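Structural overview
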Amino acid sequence: MKPPASPQKGSVLVVEDEPTLRVLLEHSLRQRGYQVSTVMDGEQALAFLETERPDVALLDWMMPGLSGLELCRIIRQKPGLKDLPVLFLTARTDEQDVIAGLDNGADDYLTKPCSTDRLDARLRALLRRTRPVQDIVTFGPLTLEPENHQVKRAGRPIALGPTEYRLLELFIHHPRKVFSRETLLERLWGPNVHVEIRTVDVHIRRLRKALNETGEADLIRTVRAAGYALDDGTISQHGPSSG
């Protein structure tokens, strides 16, 4: 299942045969700002990788058919995938298993159970090694620094919760574009998570309150019966600038 693209931390392919854990990983990583695709076994992973290139592959070891270890070996043998970062998340805790995973091409190894904080930290570390530094993005008086998740308005630091940050990140990469509530739900929470439509309005209000102090122009435009957009009130043919 491939979600729609959005300006997030990076894309992760989760290869996990246990359905409950697969859904939990997808939801947790989406909440941390990753674009997540999921498959249930090694064969599906190889089929996915024939047409898509994620930033990181997160592999279970013990799966029916092609094991995670065998999948990792195949990935390392393919010219277009040999530099794909691979992280094992597995119940195999023996030291020899860890060594085997790393010796067969994994970049990192985590054992279950594992907190989302630790998994997020390991994924961020892999992405720092393999991806260029992300440019600072500006729109009107706003500045967003993806590397450290800092947001400023005319130099004033703005504290945002994780959902409000991801909302702004989506908006600032598509300035003046109107997003419906349904689209925002799917982009932020994913297609398989049930969230009330009015939840979007709650987070929009929080974002609006954080961005706009007394006397400042409201940067969030509400379009009746359509949705929301980031708009500084000027007319421009240009998108956000990066520096």
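Keep in mind that this is a model prediction, so the values were computed, not measured.

Conventions used here
- Residues numbered from 1 in each chain as written.
- Predicted model: local features only at pLDDT ≥ 70, side-chain atom pairs only at ≥ 80, totals over all residues.
- Heavy atoms only, no water.
- Pairing = 2+ DSSP bridges.
- Helix = DSSP H or I, 4+ residues; strand = E, 2+ residues; numbered from the N terminus.
- Axes fitted to C-alpha atoms, helices over the stretch in contact; angles between N-to-C directions.
- Contact = heavy atoms within 4.5 Å.
- Buried < 20%, exposed > 50% of the residue type's maximum accessible area, 1.4 Å probe, protein only.
- Expected span 1.5 Å × (residues − 1).
- Domains from an automatic or database assignment.
- Buried area = accessible area lost by both parts, 1.4 Å probe.
- Salt bridge = Lys/Arg side-chain N within 4 Å of Asp/Glu carboxyl O.
- Polar contact = N/O pair within 3.5 Å; in protein donor to acceptor, adjacent residues only side chain to side chain.
- Nonpolar A, V, L, I, M, F, W, Y, C, P; charged D, E, K, R; others polar.

**Observations concerning the sheet that holds strand E4 (residues 86-90)**
Within a sheet, adjacent strands bond to each other through the backbone by hydrogen bonds, running parallel or antiparallel. In spatial order, the strands read E2-E1-E3-E4-E5; together these five strands make up an open sheet with parallel pairing. Two strands bound the open sheet, and with one partner strand each, they are strand E2 (35-39) and strand E5 (108-111). On average, adjacent strands in this sheet sit at an angle of 20 degrees to one another, irrespective of strand direction. As defined by bridge partners, strand E1 (residues 11-15) adjoins strand E3 (residues 56-59) across four bridges and the pair is classed as parallel. Within E3, the position partnered with Val 14 by the bridge is Leu 58. Taken strand by strand, helix H1 (residues 19-31) contacts E1, E2, E3 and E4, and its axis lies near 170 degrees from that of E2.

**Points about the pairing of E4**
With five of five residues buried, E4 is to be regarded as a mostly interior element. Both faces of E4 are covered, namely the face carrying Val 86, Phe 88 and Thr 90 and the face carrying Leu 87 and Leu 89. As judged from the three bridges shared by E3 and E4, these two strands associate in the parallel manner. Residue pairing across strands places Ala 57 opposite Val 86, the latter belonging to E4.

**Describing H1**
Taking 1.5 Å of rise per residue, 13 residues should cover 18 Å, and H1 covers 18 Å from first to last C-alpha, within 8% of that figure. Those residues of H1 not exposed but buried are Arg 22, Leu 25, Glu 26, Ser 28, Leu 29 and Arg 30.

**What to know about the domain arrangement of the protein**
For the protein, the assigned domains are domain 1 (10-130) and domain 2 (137-230). The centre of domain 1, based on its C-alpha atoms, is set 30 Å off from the matching centre of domain 2. Listed by partner, the interface residues are five residues for domain 1 and 10 residues for domain 2. Together domain 1 and domain 2 conceal approximately 560 Å² of surface at their shared face, both sides included; 43% is due to carbon and sulfur atoms. The largest contributions to the domain 1 side of the interface with domain 2 come from His 27, Arg 30 and Gln 31, which together make up 74% of the buried area. Here domain 1 and domain 2 share zero salt bridges between them. Where domain 1 meets domain 2, there are two residue pairs in polar contact (both at pLDDT 80 or more). In the side of domain 1 that touches domain 2, the residues fall into no nonpolar, three polar and two charged.

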